[in-house]
Amino acid sequence: MYSSTILSYRRTDVLMVTPWFAPIVWDGTYNIDILNAQFHQRNVRVGLTVFAIKKYTVFLQRFIETAEKFFMVGHKVNYYVFTDRPNDIGNISLPEGRKVVILEVPSYKRWQEVSMRRMEMIRDYSQQRFIHEVDFLVCVDVDMRFSDEVGVEILGDVFGTLHPGFYAASRDRFTYERRKQSTAYIPPDEGDFYYAGGYFGGTVPEVYKLTNYCHNEMLTDKRNGIEAIWHDESYLNKYFLYHKPTKILSPEYLWDNGYAVPQFLKRRRFVAVPKNHNEIRNK
Ligand code: UDP
Ligand code: MN
């Protein structure tokens, strides 16, 4: 049996909790056996949403194969694959308790639009479907592979993930939207962290609220002829500024091997797959 003192499960080299008392999830700060027992008791069901629009279908197989090794092992998982090319996706059979659900959706011409419209589609399916099927949603990019465990330690009411390019940057370096004309505008003296657009989640009602907000702000901007600098990521950062996440994932959960690995990064759990941007984004 485990035992703990106030000096175990602590890290002194990184921030473990935000000033609003949300935990930041790092290796060595939690006991996965305790958490697994809690979430099994609740018979938790997790939805993993991923978009494979146009050429991005090529990423799907590796994404799911590696997720089967590392994502919520031992728990119930629905992979919700949003795609405009359902025929390109072969039959994927998974063990009991885990399944792939293909959701056919429209595609958009510009990659920025494809990326932003994820908010609208996650919102709509949250209300129609996800709310009846899962307890939590995890919403991620598809151009990724799992390379270490990602489990129930990430789950909470509403969570965001520290962008691997900005964890050490000061606020004035964050690439928030800085034009006042955009609804995503963040004043220079505000903002807690720079969150990544490619990894957020929470309970279905919380993800509904988040995606609904981001989509509506995007539509307002569109009517005004402006698009936030980093698209859905900018609206997400605005949302989290005034609706603070209840848990934050460290860059262990979203890494890119193009960055030098700092000492405090003990695990790289979910890593970007290199891509030729021009080749893959344009059809
Ligand atoms: N995406 C897609 N098809 C596209 C462009 C984007 O399916 O033509 C989805 C895909 O899930 C991708 C996400 O939108 O992971 C975000 O785009 P991307 O990964 O290119 O952004 P980056 O991570 O390079 O900022
Ligand atoms: Mn990506």
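Relevant structure appears above.
Worth saying up front: this structure is predicted, and the values here are computed from it rather than measured.

(A) Inspection of the coordination of the manganese ion (ligand 2) at higher detail. Donor atoms from the polypeptide that coordinate the manganese ion (ligand 2) comprise Asp-141 (OD), Asp-143 (OD) and Asp-143 (OD), at 2.1 to 2.4 Å from the metal. On the basis of relative accessible area, Asp-141 is assigned to the partly exposed category, the value being 23%.

(B) Here's a closer look at the packing of helix H3 (residues 111-133) against helix H4 (residues 204-223). Viewed as axis vectors pointing N to C, H3 and H4 meet at an angle of 140 degrees, and their least axial separation amounts to 9 Å. As summarised for this structure, H3 and H4 are arranged oblique, according to the angle between their axes. Once H3 is placed against H4, the crossing between them reads as left-handed. Across the contact of H3 with H4, the residue classes break down as 13 nonpolar, six polar and five charged.

(C) Representation of the site of ligand 1. Around ligand 1 sit 13 residues in total, of which Phe-51, Ile-53, Tyr-56, Asp-143 and Lys-275 are the nearest. Contact between ligand 1 and Asp-141: an oxygen atom at 3.0 Å from a side-chain N or O atom of the residue. The backbone of Val-142 places a nitrogen or oxygen atom 3.1 Å from an oxygen atom of ligand 1. Protein burial of ligand 1: of its 510 Å² of free accessible surface, 85% is covered by the chains. Counting only elements with at least two residues in the shell around ligand 1, the list comes to strand S2 (45-52), H3 and helix H6 (277-281). Among the elements that line the shell around ligand 1, the one with the most residues is H3, at three residues.

(D) Layout of the state of the cysteines. Taken as a whole and assessed by the stated rule, the structure comprises zero disulfides. The thiol sulfur of Cys-214 is not disulfide-bonded, and the nearest other cysteine sulfur, from Cys-139, lies at 11 Å.

(E) Seen up close, unusual backbone geometry. Phi is positive for Tyr-9, close to 50 degrees, though the residue is something other than glycine. Here Tyr-9 is to be found in the segment before strand S1 (24-25). One non-glycine residue, Phe-21, adopts positive backbone phi at about 65 degrees. Mapped onto the elements of the fold, Phe-21 is located in the segment before S1.

(F) Structural view of the pairing of S2. Burial analysis of S2 places seven of its eight residues in the buried class, which makes it a mostly covered element. Note: S2 against strand S3 (residues 76-83), eight bridges, orientation parallel. Its bridge partner being in S3, Arg-45 is matched across the sheet by Lys-76. Regarding the hand of the β-α-β motif, the stretch spanning S2, helix H2 (residues 60-70) and S3 is right-handed. Direction of pairing for S2 relative to strand S5 (residues 136-140): parallel, over a ladder of five bridges. Across the sheet, Val-50 pairs through a bridge with Val-140, a residue of S5.

The rules behind each value
- Residues numbered from 1 in each chain as written.
- Chains lettered and ligands numbered in written order.
- Predicted model: local features only at pLDDT ≥ 70, side-chain atom pairs only at ≥ 80, totals over all residues.
- Heavy atoms only, no water.
- Donors = N, O, S within 2.8 Å, 3.2 Å for Na, K, Ca; no water.
- Buried < 20%, exposed > 50% of the residue type's maximum accessible area, 1.4 Å probe, protein only.
- Axes fitted to C-alpha atoms, helices over the stretch in contact; angles between N-to-C directions.
- Helix = DSSP H or I, 4+ residues; strand = E, 2+ residues; numbered from the N terminus.
- Parallel < 35°, antiparallel > 145°, perpendicular 65-115°, else oblique.
- Left-handed = near helix turned anticlockwise from the far one by under 90°.
- Nonpolar A, V, L, I, M, F, W, Y, C, P; charged D, E, K, R; others polar.
- Near = heavy atom within 4 Å.
- Polar contact = N/O pair within 3.5 Å; in protein donor to acceptor, adjacent residues only side chain to side chain.
- Areas by Shrake-Rupley, 256 points an atom, 1.4 Å probe, with all protein chains shown as cover.
- Disulfide = S-S within 2.5 Å.
- Pairing = 2+ DSSP bridges.
- Right-handed = clockwise from strand over helix to strand, strands pointing away.

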